[in-house]
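Architecture at a glance
Listed below are the residues making up each chain.
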Amino acid sequence: MTTTANSPSIPAPVDAAPGGSAVELRIGGMTCASCAARVEKKLNRMDGVTATVNYATEKARVSYPAGTDVADLIATVVRTGYTAEEPPPPEPAAGPAGPEAASAPHDPELSALRQRLTVSALLAAPVVLLAMVPVAQFDHWQWLSLTLAAPVVVWGGLPFHRAAWTSLRHGAATMDTLVSLGTLAAFGWSLWALFLGDAGMPGMRHPFELTVSRAESSSTLYLEVAAGVTAFLLLGRFLEARSKRRAGAALRALLELGAKDVTVLRDGREERVPAGRLAVGDRFVVRPGEKIATDGTVVDGASAVDVSMLTGESVPVDVTAGDTVTGATVNVGGRLVVEAVRVGADTQLARMAKLVEDAQNGKAEVQRLADRVAGVFVPVVLLIAAGTLGGWLGVTGDAAAAFTAAIAVLIIACPCALGLATPTALLVGTGRGAQLGILIKGPEVLESTRRVDTVVLDKTGTVTTGRMTLHTVYAAEGTDEQEVLRLAGAVEHASEHPVARAVAAGARDRLGTLPDAQDFENVPGRGVRARVAGREVAVGRLYPDLPPPVARAVRQAEEQGRTAVVVGWDGRARGVLAVADAVKDTSAEAVAALRRLGLRPVLLTGDNRRVAESVARSVGIAAEDVIAEVLPEGKVEVVRRLRAEGRTVAMVGDGVNDAAALATADLGLALGTGTDAAIEAGDLTLVGGDLRVAADAIRLSRRTLATIKGNLVWAFGYNVAALPLAAAGLLNPMIAGAAMAFSSVFVVSNSLRLRTFR
């Protein structure tokens, strides 16, 4: 076995439209989904530009026509009130693998946010306690509350105020507008009540209620609202930022799988250099226990290579001179000398990471709806808050109650959860898929997995190994099985035919060394003959008349879907060897798993029907679901016919002749052990060759889609239910702030559950 059969082959995806270019921009300053919607809207207004902005990954994927410069795109983002830059290219061949690699690097922004949260929480806690527990209120307590609350509102809430001011200067309103307006209004009212009203009088007491209550406006304080809401929102933003980094940990771990250093051969000497300095054509040494630094070809040595970190295959594969190896896999056997074939962004590891990142940056259709809602949500909320203020004043004439209800509306309505619902689930789902050897090309794929009811399985290389294997040996009466195998193996060893190689390999595995063959002759279309140990041995179809026992053995092998090879010597047929493309050990389990998902498996092959039905029986596929003797170009017609019957079809394949069918199917699953053409045409890439991963891929995709929909139901439902409660005066603004902050935390936490997918 070689790594050629187990190494994933992932082509780099192409994003740009014909005649144009594409770029990925890192966007700074976004604080909510409406920010992302605003940047996306501005970019899409440029002539010929198509942009997708992802709030969770803080990136914009932009396709632009010839004649447009990246600087123009960046300038548009800056004019919108945000920052933009092209991110540096990833360096996959850097950093150790393992738990340390998966942990997030030090993030100064996260550290600053933690510091701001800690100080604000310590200062806000006494303010909230004094307001909520009237018996704790002492003479002049309100002035202590003001002293503690002021730095929380001004310094702690500075990120909200700064972002709100930036948006205001550009004539827009975002979530930060709601937060800033609500907290500053509460703080300003309190200042008025303290300095110009009766709230600053010694001995003043302030009751606390969960709902809006009538009170004398000149003695009503909202310091606990201003400080408490700011602290709650900082907590929500901190947990959100930390969770987003955890959600991207799988991709970071994938990028950091590669070796740090490599031993390069230079002028016959070994030199240790950073892996990033490798160039195509360099030869490097890989000792037992070391990682292979980059994709290459073995030029000297033999060993076993652990490919589990890329493919999930637990059994190391044997490699020798001429075999290909993949970067980031581990040499577990002898010393190897490898010639670098691909380096940097061209390696299979880098391409895998690129596919994962592309999927995380994309948007499902449900997310586009959420973005449209978030884009108009803030202006609508401002109108609702103004209507609430006017309505309460008109009905009750109570300014304090009207003000409290309006602030609650502003604070409860922030659409953070709406913007995080899809991207966080995609981040975690696609990252977990990468760890399991499942690469999801884009979020739109998830919708297809939900509807699929039929899965078409290519036989050769998908259900079977794609390699001929010796199964049984029959020897006529008076003849020894070992003798039949020994002589047949010696003759077939000189042939390059796939069946001959299977016979020779089977003979060597069972008997060890084989005798030499002389006077080898190939009879085209019929078989081969040679002299072995003084006997004239013929293998193939060279005997016109077969003894009845031998003829029965031939028929029995063919009925089982195997190729029968007749062996004889000295002019007489004496044995039969049965050779077949071996069914993968895991295929039957995979078919059962697909059935449990409610899918109907169909076996598709160009082989004759007898062989196909034999394979189908061994894996649990019914005879009526076998489509055999199909030419390569006919596979597309089969998929189209099934779709015309009303079925939603998934196709699993690995060969060049499967590419068109994979592209035609509603969902294409390409085995990563197959050809680049097949992988490029597929929607999901299964990095290893194990068919069981196909069922895992569909399960993970469906689970991710279900998580997205659950998040969106919560986010929509939360806002729809909370706004009327706030407008009706049934929510204290501080309770509203806590609920809004934890709605975002709930959505992100729900998405993180995908990390436990097995």
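Looking at an unreviewed UniProt entry, one finds the protein chain named Heavy metal translocating P-type ATPase, with Streptomyces ziwulingensis as its source organism. Annotation of the protein chain in UniProt includes, under Subcellular location (unreviewed entry), the sentence "Cell membrane". Check the Sequence similarities (unreviewed entry) section of the UniProt entry for the protein chain; it says "Belongs to the cation transport ATPase (P-type) (TC 3.A.3) family. Type IB subfamily."

What follows concerns the UniProt feature "transmembrane region" (unreviewed entry) in the protein chain. UniProt's entry tags residues 117–135, 141–158, 178–201, 221–239, 373–393, 399–422, 711–728 and 734–752 with the feature "transmembrane region" (unreviewed entry), counted in the numbering of this structure. End C-alpha atoms of residues 178–201 are separated by 31 Å, and the span's content is 75% helix alongside 0% strand. In residues 711–728, helix accounts for 94% and strand for 0%; the two terminal C-alpha atoms are 26 Å from one another.

Moving on, we get to the sheet that holds strand β3 (residues 59–65). Strands in a sheet are paired, the pairing made by backbone hydrogen bonds, and the direction either parallel or antiparallel. The strand order β2-β3-β1-β4 describes an open sheet built from 4 strands, whose pairing is antiparallel. With partners counted over all chains shown, the strands left at the sheet margins are β2 (50–54) and β4 (83–85), one partner each. Ignoring strand direction, the axes of neighbouring strands in this sheet form an average angle of 25 degrees. Against the sheet, helix α2 (residues 70–80) contacts β1 (20–28), β3 and β4, and its axis sits at roughly 35 degrees relative to β1.

Sheet architecture is open: 6 strands sit in the order β6-β5-β7-β13-β8-β11, paired in antiparallel fashion. Pairing within the sheet leaves two strands with one partner each, and these edge strands are β6 (269–274) and β11 (324–325). Examined bridge by bridge, strand β8 (residues 295–300) and β11 share 2 bridges and lie antiparallel to one another. Each bridged residue has a counterpart across the sheet, and for Gly 296 the counterpart in β11 is Val 325.

On to the packing of aromatic side chains, then. Evaluation of the coordinates by the stated rule reveals 4 aromatic pairs. For the pair Trp 143 and Phe 195, a centre-to-centre distance of 5.4 Å together with 70 degrees between the ring planes defines the contact as edge-to-face. Linking Trp 143 in helix α5 (residues 141–156) with Phe 195 in helix α7 (residues 175–195), this pair joins segments that are 52 residues apart in sequence. On the basis of relative accessibility, which here comes to 28%, the residue Trp 143 falls in the partly exposed class. Exposure remark for Phe 195: the relative accessible area of 53% places this residue in the exposed category. Judged by centre distance (4.7 Å) and plane angle (45 degrees), the ring pair of Trp 714 and Phe 746 falls under tilted. Note that Trp 714 is positioned in helix α25 (residues 692–727) and Phe 746 in helix α26 (residues 733–752), a separation of 32 residues in sequence. By way of ring pairs, the aromatic residues Trp 189, Trp 192 and Phe 403 are connected into one cluster. Lying over the aromatic face of Trp 155, Arg 116 brings its terminal NZ or CZ to 4.8 Å of the ring centre.

Counting residues in each nonpolar core, the largest one holds 59 residues, and the members touching the most others are Leu 25, Ile 27, Met 30, Leu 43, Val 62 and Leu 73. By residue number, the principal contributor to this core is helix α8 (residues 223–247), which donates 9 residues. Beyond its immediate chain neighbours, meaning those up to four positions away, Leu 73 contacts Val 23, Leu 25, Leu 43, Met 46, Val 49, Val 62, Tyr 64 and Thr 68. In terms of nonpolar packing, the next biggest core, distinct from the first, is built from 48 residues, Val 455, Val 652, Leu 686 and Ala 697 among them.

The next thing to look at is the pairing of strand β5 (residues 261–266). Where β5 lies against β6, 6 bridges are found, and the strand directions are antiparallel. Residue pairing for β6: Val 262 is matched across the bridge by Val 273. Hairpin connection, β5 to β6: the antiparallel pair is bridged by 2 residues, and Asp 267 has positive phi, about 55 degrees. Examined bridge by bridge, β5 and strand β7 (residues 283–286) share 2 bridges and lie antiparallel to one another.

The next thing to look at is the pattern of salt bridges. Opposite charge on two side chains permits pairing when their charged atoms draw close. Enumeration according to the criterion identifies 25 salt bridges in this entry. Across the pair Arg 26 and Glu 85 runs a salt bridge whose closest N-O atoms are separated by 3.5 Å. Of this pair, Arg 26 sits in strand β1 while Glu 85 sits in strand β4, and the two are 59 residues apart along the sequence. Assessed through its relative accessible area of 35%, Arg 26 is described here as partly exposed. With a shortest N-O distance of 3.3 Å, Glu 589 and Arg 692 are connected by a salt bridge.

Before going further, it helps to spend a moment on the environment of Pro 288. Looking at the secondary structure, you find Pro 288 in the loop between β7 and β8. Pro 288 sits 46 residues away from Gly 334 along the chain, and the two C-alpha atoms are 5.6 Å apart. In this structure, Pro 288 is in contact with Asn 331, Gly 333, Gly 334 and Arg 335, ignoring residues within four places of it in sequence.

A contiguous nonpolar surface patch, about 370 Å² in accessible area, is contributed by Trp 192, Phe 195 and Leu 196. By relative accessible area, Trp 192 is classed as partly exposed at 38%.

Before going further, it helps to spend a moment on a positive patch on the surface. A contiguous patch of positive charge, built from Lys 41, Lys 42, Arg 45 and Arg 79, is present on the exposed surface. Inspection of the secondary structure assignment puts Arg 79 in helix α2.

Moving on, we get to the packing of helix α6 (residues 158–169) against α7. Contact geometry for α6 and α7: axes closest at 8 Å, N-to-C directions at 120 degrees. Here α6 is positioned oblique relative to α7, judged by the angle of their axes. At the point where α6 passes α7, the crossing takes the left-handed sense. Seen from α6, the contacting residues are Phe 160, His 161, Ala 163, Ala 164 and Ser 167; seen from α7, they are Met 175, Asp 176, Thr 177, Val 179, Ser 180, Thr 183 and Leu 184. In the contact of α6 with α7, the residues fall into 6 nonpolar, 5 polar and 1 charged.

The subject of this paragraph is the packing of α5 against α7. Across the interface, α5 lies against α7 with an axial gap of 12 Å and an inter-helix angle of 150 degrees. As summarised for this structure, α5 and α7 are arranged roughly antiparallel, according to the angle between their axes. In the packing of α5 onto α7, the handedness of the crossing is left-handed. Note on element contacts: α7 touches α5 through Leu 184, Phe 187, Leu 191, Leu 194 and Phe 195, opposite Gln 142, Trp 143, Leu 146, Ala 149, Ala 150 and Val 153. Its residues placed into classes, the contact of α5 with α7 shows 10 nonpolar, 1 polar and no charged.

A few words now on the environment of Ala 697. Its place among the elements puts Ala 697 in helix α25. With relative accessibility at 0%, the residue Ala 697 sits in the buried group. Put simply, Ala 697 and Leu 439 are 258 residues apart on the chain and 8.5 Å apart in space, counted from C-alpha to C-alpha. If sequence neighbours within four positions are ignored, Ala 697 has contacts with Ile 438, Leu 669, Leu 684 and Leu 686.

What follows covers the pairing of strand β19 (residues 535–540). Note: strand β18 (residues 527–532) against β19, 6 bridges, orientation antiparallel. From the neighbouring strand, Val 532 faces β19, where its bridge partner is Arg 535. In this sheet, strand β20 (residues 563–569) lies alongside β19 in antiparallel orientation, the contact comprising 4 bridges. Bridge assignment links Val 537 to a residue of β20, and that residue is Trp 569.

The next point concerns α5. Over its 16 residues, α5 extends 22 Å from the first C-alpha to the last, a length consistent with the 22 Å expected when each residue adds 1.5 Å. The axis of α5 is deflected most strongly, by about 30 degrees, at Ala 149, and proline Pro 151 appears within four residues downstream. By the burial criterion, the buried members of α5 are Trp 141, Gln 142, Ser 145, Leu 146, Leu 148, Ala 149, Val 152, Val 153 and Gly 156.

Here is what the cut-offs are and how they apply
Residues numbered from 1 in each chain as written. Predicted model: local features only at pLDDT ≥ 70, side-chain atom pairs only at ≥ 80, totals over all residues. Heavy atoms only, no water. UniProt positions renumbered as here; feature names shortened; annotations may be inferred. Helix = DSSP H or I, 4+ residues; strand = E, 2+ residues; numbered from the N terminus. Pairing = 2+ DSSP bridges. Axes fitted to C-alpha atoms, helices over the stretch in contact; angles between N-to-C directions. Contact = heavy atoms within 4.5 Å. Phe/Tyr/Trp six-rings, centres within 6.5 Å; stacked < 30°, edge-to-face > 60°. Buried < 20%, exposed > 50% of the residue type's maximum accessible area, 1.4 Å probe, protein only. Lys NZ or Arg CZ within 6 Å of the ring centre and 35° of its normal. Core = buried A, V, L, I, M, F, W, Y, C linked by side-chain atoms within 4.5 Å. Salt bridge = Lys/Arg side-chain N within 4 Å of Asp/Glu carboxyl O. Patch = residues over 30% accessible without salt bridge, like charges linked within 9 Å, V, L, I, M, F, W, Y side chains within 5 Å. Areas by Shrake-Rupley, 256 points an atom, 1.4 Å probe, with all protein chains shown as cover. Lys, Arg positive; Asp, Glu negative; His and termini not counted. Charge placed at Lys NZ, Arg CZ, Asp CG, Glu CD. Parallel < 35°, antiparallel > 145°, perpendicular 65-115°, else oblique. Left-handed = near helix turned anticlockwise from the far one by under 90°. Nonpolar A, V, L, I, M, F, W, Y, C, P; charged D, E, K, R; others polar. Expected span 1.5 Å × (residues − 1). Bend = angle between axes of the 7 residues up to and from the residue.

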